[in-house]
Amino acid sequence: IKHKKGEKMHKTTRMNLALAGTVVALAVSGTAAFAAPLPTGWTSVGNSGTNTAADGDVTLAPGFDSYQWISTYNGLSGVGLLPVGATGQETNGSFAQTPTFSVNAGDKLNFYFNYITSDGAQYTEYAWAGLFSGVSTFDSYLFTARTTPSGNTVPGFELPGLASGVTLTPTATSIIAGAPNFSALGASSGSCYSDGCGYTGWIEMEYTFTTAGIYSLGFGVTNALDSSYQTAFAIAGVTVNDVSINETPEPATLALLGLGLVGVGALRRRKEGQRAG
């Protein structure tokens, strides 16, 4: 079992802080202020949303006018943990998934991410991004991110590393230290427990597919050891070959489009046959 750096705050004290945070949270909505729903086709369990403007320390990603986020604040028990290889310390969190998209070998997946946490110390809270075959079958991790007082947040300590074919820009992913202001953290916004609180800032991920198929992206974030002091994970600009997956027809839509074109062709040939007769 991993122990947080330094002496852990007395359990009763943390419970009191959590209760105080709950009272504050009752004065706001269950999601971040001004948050919109996830884009059409996205699904989520727990707490998620879309921001179209800077929110405290979380600015818009370079070149994009919105970003999606998931948060442990108002997360659900047993949600957001790693699909394979969970640590056993997870408590509550959130999960979001994109619509499916088709790729060929050599296609490039890009998006930006930002890990934001008010819970410092080490080897506790974490987030992850992974590929699913279709919607329900987990395929592989792209990367993990985990709270740590020093060094890189990605990949997460003792969690799955970067997938082969993944590059990060910048390659250094250390936390920008301080109590992060981000409304998706709920009552924990502007708070900090121990060293390691802060946010990574926007990091770009690029992944080159080696196998053609129909995929979706899954994102998770979870509290660990307790449910106090919240953590969030923001994602922006998911594209394949520089085309937003939200602008690309899903495979089922493409199939229907193909059937429609076949039907149009058949109708045209029928009319031409009637005129010739």
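What comes next is a walk through the structure.

## Quick word on the layout of surface pockets
Thinking step 1. Roughly 180 Å³ of volume is contained in the second largest pocket.
Thinking step 2. Lining the second largest pocket are 14 residues, with Ser-66, Gly-237, Val-238, Ser-244 and Asn-246 positioned closest to its centre.
Thinking step 3. The residue makeup of the lining of the second largest pocket, split by class, is 5 nonpolar, 7 polar and 2 charged.

## A few points about the pairing of strand S15 (residues 231-240)
Thinking step 1. When you tally the buried positions in S15, you get 10 out of 10 residues, the bulk of the element.
Thinking step 2. Relative to S15, strand S7 (residues 108-117) runs antiparallel, the two being bridged by 8 bridges. Within S15, the residue paired with Leu-109 across the bridge is Val-240.
Thinking step 3. Of the pairings in the sheet, the one linking S15 to strand S16 (residues 243-244) comprises 2 bridges and is antiparallel in character. What sits directly across from Thr-239, in S16, is Ser-244.
Thinking step 4. As consecutive antiparallel partners, S15 and S16 are separated by 2 residues, and within that stretch Asn-241 has a phi angle of approximately 55°, a positive value.

## Some thoughts on the nonpolar core
Thinking step 1. Ranked by internal contacts, the top residues of the largest apolar core, which has 34 residues, are Leu-109, Phe-111, Leu-142, Met-205 and Phe-233.
Thinking step 2. Listed by contribution, the elements that provide at least two residues to this core are strand S6 (101-103), S7, strand S8 (126-133), strand S9 (137-146), strand S10 (166-169), strand S13 (203-208), strand S14 (213-224) and S15.
Thinking step 3. Not counting residues up to four positions away in its chain, the partners in contact with Leu-109 are Leu-131, Leu-142, Met-205, Glu-206, Tyr-207, Phe-209, Leu-217, Val-238, Thr-239 and Val-240.
Thinking step 4. Core analysis: the second largest hydrophobic core is formed by 14 residues, Ala-61, Ile-116, Ala-184 and Leu-185 among them.

## A look at the state of the cysteines
Thinking step 1. This model, assessed by the stated rule, comprises 1 disulfide.
Thinking step 2. Between the sulfur atoms of Cys-192 and its disulfide mate Cys-197 the distance is 2.3 Å. For the disulfide bridge between Cys-192 and Cys-197, the dihedral angle about the S-S bond is near 100°, and by the sign convention the bridge is right-handed.
Thinking step 3. On the basis of relative accessible area, Cys-197 is assigned to the buried category, the value being 2%.

## Overview of the pairing of S7
Thinking step 1. Among the 10 residues that make up S7, 9 are buried, leaving the element largely enclosed by the rest of the structure.
Thinking step 2. As defined by bridge partners, S7 adjoins S13 across 6 bridges and the pair is classed as antiparallel. Residue pairing for S13: Phe-111 is matched across the bridge by Met-205.
Thinking step 3. Pairing geometry for S7 and strand S12 (residues 198-199), over 2 bridges, is antiparallel. Across the sheet, the residue bridging to Thr-117 is Gly-198, located in S12.

What counts as what
Residues numbered from 1 in each chain as written. Predicted model: local features only at pLDDT ≥ 70, side-chain atom pairs only at ≥ 80, totals over all residues. Heavy atoms only, no water. 1 Å grid on protein atoms, 1.4 Å probe; cavity = no way out; pocket = protein on both sides within 12 Å on 5 of 7 lines; lining within 4 Å. Points joined across faces, edges and corners; volume = space filled by probe spheres on them. Nonpolar A, V, L, I, M, F, W, Y, C, P; charged D, E, K, R; others polar. Buried < 20%, exposed > 50% of the residue type's maximum accessible area, 1.4 Å probe, protein only. Helix = DSSP H or I, 4+ residues; strand = E, 2+ residues; numbered from the N terminus. Pairing = 2+ DSSP bridges. Core = buried A, V, L, I, M, F, W, Y, C linked by side-chain atoms within 4.5 Å. Contact = heavy atoms within 4.5 Å. Disulfide = S-S within 2.5 Å.

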